[in-house]
Amino acid sequence: MTTTSPFGRVITAMVTPMTPDGALDTTAVAAVVEHLVATGHDGVVVNGTTGESPTLTAGESITMVREVKAAAGDRLKVTAGVGSNNTAHAIQMAAEATEAGADALLVVSPYYNKPTQAGLIAHTRAIADAAVLPIMLYDIPGRTATPFATESLIALSSHPRILAVKDAKGDLWASTQVMAATDLLWYSGADEMNLPLLAQGAHGVVSVVGHVAGNHYREMVTALDAGDLASARAVHHRLIPVVNAIMGTSQGAIMVKAALVELGIIDNATVRLPYVQGPEEHLEVLRAGLNASGIGAA
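This one's a predicted model, so the numbers in the text were calculated from it and none came from an experiment. (Residues numbered from 1 in each chain as written. Predicted model: local features only at pLDDT ≥ 70, side-chain atom pairs only at ≥ 80, totals over all residues. Heavy atoms only, no water.)

### What about the packing of helix H9 (residues 210-225) against helix H10 (residues 229-238)?
And then number 1: The contact between H9 and H10 brings their axes to 7 Å, and the two run at 160°. One way to sum up the angle between H9 and H10 is to call them roughly antiparallel. Note on packing geometry: the crossing formed by H9 with H10 is left-handed. Residues His216, Glu219, Met220, Ala223 and Leu224 of H9 touch H10, and the partners they reach there are Leu229, Ser231, Ala232, Val235, His236 and Arg238.
And then number 2: Within the contact of H9 with H10, the residues separate by chemical class into six nonpolar, three polar and two charged. (Axes fitted to C-alpha atoms, helices over the stretch in contact; angles between N-to-C directions. Helix = DSSP H or I, 4+ residues; strand = E, 2+ residues; numbered from the N terminus. Parallel < 35°, antiparallel > 145°, perpendicular 65-115°, else oblique. Left-handed = near helix turned anticlockwise from the far one by under 90°. Contact = heavy atoms within 4.5 Å. Nonpolar A, V, L, I, M, F, W, Y, C, P; charged D, E, K, R; others polar.)

Given below as structure tokens:
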């Protein structure tokens with residue numbers, strides 16, 4: 001498997017490690033980066049949903065970019081989440097993330113204010129016009145209430161800096177149509193959809209479960225590159241228990257921090273309100289899922 005994009009191919013949407021009092025834990029940030037490097041990754045997204053971006057200050061978000069890039073060096077492509085429902089704020093965050101060392105930018109559709117598709121296109125183009133780094137769009141209408149329509153993605157694909165889509169829409173036919181009509185690099189943004197999206201031409205994954213299954217997803221991508229669907233399907237089936245445990249129990253950010261504690265990568269699973277750490281019964285589900293998928297403690 002080779003990296004043929006500015007984003008990487010096996011990418012994890014990284015958690016933001018925190019101390020027990022809720023401050024950024026830069027020592028743990030470096031530990032997570034080293035773990036991702038050692039487990040098959042060639043890219044990382046910081047300040048995404050799994051990174052608890054809604055509860056990070058702008059300054060903390062830029063600190064995360066700087067710390068992750070310092071720890072990763074040239075071993076991982078670092079894509080910084082800079083999306084906002086305020087276009088001017090997104091443009092400012094893109095500039096600051098660039099200065100902090102990001103290799104690329106992740107731009108989510110505006111949330112809460114629900115723009116029209118014309119407004120969504122204008123918003124996205126304004127960010128891309130002001131940016132200097134490659135951009136990955138993030139389509140996750142379950143959280144934003146505003147999807148990137150098929151026609152909008154096709155229109156935006158003509159921008160020289162809009163190169164990729166992180167697809168968490170769950171509409172395989174819409175994905176197929178955009179992939180057929182454009183050169184956009186396609187990424188699965190939902191672990192449940194990794195195999196079907198890769199099988200129909202996605203370039204890679206931006207995973208949450210990748211925190212604990214990076215080597216497995218690298219195996220899946222490599223198998224599909226070689227035309228070996230049976231091996232890729234075997235990986236997909238193997239990971240069902242851990243995907244269910246992390247993505248189906250409460251929230252991915254909550255559960256994957258707990259998983260990193262279980263594996264000895266970080267010391268605590270602190271999350272910020274409105275997230276709270278899971279109860280013991282959730283941890284029991286998590287441990288069972290890790291074991292059933294063959295992912296043991298460090």
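### Structural notes on the pattern of salt bridges
And then number 1: Within this structure, the stated rule accounts for nine salt bridges.
And then number 2: Note that arginine 9 and aspartate 225 form a salt bridge whose closest N and O atoms lie 2.7 Å from each other. Of the two residues, arginine 9 sits in the segment before strand E1 (10-13) while aspartate 225 sits in helix H9, which places them 216 residues apart along the sequence.
And then number 3: Here arginine 9 falls in the buried class, since its relative accessible area comes to 8%.
And then number 4: Assessed through its relative accessible area of 45%, aspartate 225 is described here as partly exposed. (Salt bridge = Lys/Arg side-chain N within 4 Å of Asp/Glu carboxyl O. Buried < 20%, exposed > 50% of the residue type's maximum accessible area, 1.4 Å probe, protein only.)

### Brief notes about the UniProt feature "site: Part of a proton relay during catalysis" (unreviewed entry) in the chain
And then number 1: Mapped onto this numbering, the UniProt entry gives "site: Part of a proton relay during catalysis" (unreviewed entry) at Thr49 and Tyr112.
And then number 2: Position of threonine 49 relative to the elements: it lies in the loop between strand E2 (43-46) and helix H2 (58-72).
And then number 3: With residues up to four places along the chain from it excluded, the contact list for threonine 49 reads Tyr138, Arg143, Ala253 and Tyr275.
And then number 4: With respect to the element layout, tyrosine 112 can be found in the loop between strand E4 (104-108) and helix H4 (117-130).
And then number 5: Classification of tyrosine 112 as exposed rests on a relative accessible area of 76%. (UniProt positions renumbered as here; feature names shortened; annotations may be inferred.)

### Some remarks on the nonpolar core
And then number 1: Core analysis: the largest hydrophobic core is formed by 84 residues, its most contacted members being Met14, Val212 and Ile246.
And then number 2: With seven residues, the top contributor of residues to this core is helix H12 (residues 252-262).
And then number 3: Filtering out sequence-adjacent residues up to four positions away, isoleucine 246 remains in contact with Val208, Val209, Val212, Gln251, Gly252, Met255, Val256, Ala259 and Leu286. (Core = buried A, V, L, I, M, F, W, Y, C linked by side-chain atoms within 4.5 Å.)

### Digging into H4
And then number 1: When the terminal C-alpha atoms of H4 are compared, their 20 Å separation across 14 residues agrees well with the 20 Å that a helix rising 1.5 Å per residue should span.
And then number 2: Buried residues belonging to H4 abut helix H3 (87-100), E4, strand E5 (135-139), helix H6 (150-156) and strand E6 (162-167). (Expected span 1.5 Å × (residues − 1).)

### Observations regarding the sheet that holds E5
And then number 1: Reading around the barrel, the eight strands line up as E1-E2-E3-E4-E5-E6-E7-E8 and close back on themselves, with parallel pairing between neighbours. On average, adjacent strands in this sheet sit at an angle of 25° to one another, irrespective of strand direction.
And then number 2: The strands that H4 touches are E4, E5 and E6; relative to E5, the one it contacts most, it runs at about 155°. (Pairing = 2+ DSSP bridges.)

### Notes on the packing of aromatic side chains
What characterises a pair of aromatic rings is the spacing of the ring centres plus the angle enclosed by the ring planes.
And then number 1: With the rule as written, the count across this model stands at one aromatic pair.
And then number 2: An angle of 75° between the planes, with centres 6.1 Å apart, marks the rings of phenylalanine 7 and tyrosine 187 as edge-to-face. Residue phenylalanine 7 is located in the segment before E1, and its partner tyrosine 187 is located in strand E7 (residues 185-188); the two are separated by 180 residues in the primary sequence. Each member of the pair, phenylalanine 7 as well as tyrosine 187, carries the same accessibility label: buried.
And then number 3: A cation over an aromatic ring shows up here: lysine 166 above the ring of tyrosine 138, its NZ or CZ 4.0 Å from the ring centre. (Phe/Tyr/Trp six-rings, centres within 6.5 Å; stacked < 30°, edge-to-face > 60°. Lys NZ or Arg CZ within 6 Å of the ring centre and 35° of its normal.)

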